[in-house]
Amino acid sequence: MITLRINGEKHSIDVAPDMPLLWVIRDIIGITGTKYGCGIGVCGSCKVLLDNSPVQSCMIPVSAAEGKEILTIEGASENLQLLQQSWVELNVAQCGFCQPGQLISAAALLDKNENPTDEDINEAMIGNICRCGTYQRIKDAIHRTVELKNQN
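Reading guide: rules and limits
Residues numbered from 1 in each chain as written. Predicted model: local features only at pLDDT ≥ 70, side-chain atom pairs only at ≥ 80, totals over all residues. Heavy atoms only, no water. Salt bridge = Lys/Arg side-chain N within 4 Å of Asp/Glu carboxyl O. Helix = DSSP H or I, 4+ residues; strand = E, 2+ residues; numbered from the N terminus. Buried < 20%, exposed > 50% of the residue type's maximum accessible area, 1.4 Å probe, protein only. Expected span 1.5 Å × (residues − 1). Arc of directions from axis to C-beta. Contact = heavy atoms within 4.5 Å.

S.K.: Just give me the short version of the pattern of salt bridges, but keep the residues and values in it.
M.R.: All chains considered together, the criterion is met by 3 salt bridges. Across the pair Glu-147 and Arg-144 runs a salt bridge whose closest N-O atoms are separated by 3.0 Å. Highlighted residues: Glu-147 and Arg-144, both in helix H6 (residues 135-151), separated by 3 residues, approximately one helical turn. Given a relative accessible area of 43%, Glu-147 falls into the partly exposed group. According to the relative accessible area criterion, Arg-144 is buried, its value standing at 18%. Each of Glu-89, Arg-144 and Glu-147 takes part in a single network of salt bridges with overlapping partners.

And the structure:
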């Protein structure tokens, strides 16, 4: 048995230790916001936070996540909620497929850097491919989130 803590809840599962974390999250536990994109750790659609660091869940064996805090797009961190508000306000998503990974990476950035520059954002968002090309709107939404946080 492997015990995972996802979005604050414990889940005990009986799976092979080398099963990718993505499949456990989606297919075994049933949390489907994290998306399968490429399966080789390139696109970023499957990103989750593992102990507050963004990781490609398609590349992480479930055994490596045991005992760590896992946050998916369904999680409720303050930065993630404000980012989602900014995403909607600025109409960031087109097809929306990459957005869970984009939001996870942006939340991790804002957890570490409360006022990122464009260069900081570009660096933090490497590894998140948007086939619709909404990169400027993503950057604008991250800056908007900083503004929202400063208003509170």
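Still more ground to cover, so stick around.
S.K.: Report on helix H3 (residues 78-89), specifying residues and quantitative values.
M.R.: Along its 12 residues, H3 runs 17 Å from first to last C-alpha, staying within 8% of the 16 Å computed at 1.5 Å per residue. Of the residues making up H3, those classed as buried are Asn-79, Leu-80, Leu-82, Leu-83, Ser-86 and Trp-87. For H3, the angular spread of the buried residues around the axis is 165°, confining them to a single face. Exposed side chains of H3 directed beyond 90 degrees from the buried face belong to Glu-78 and Val-88. Buried positions along H3 lie against strand S5 (69-71), helix H4 (99-112) and H6. Just downstream of H3 lies Asn-91, where phi reads positive at about 50°.

No statement about biological role is implied by the geometric values presented.
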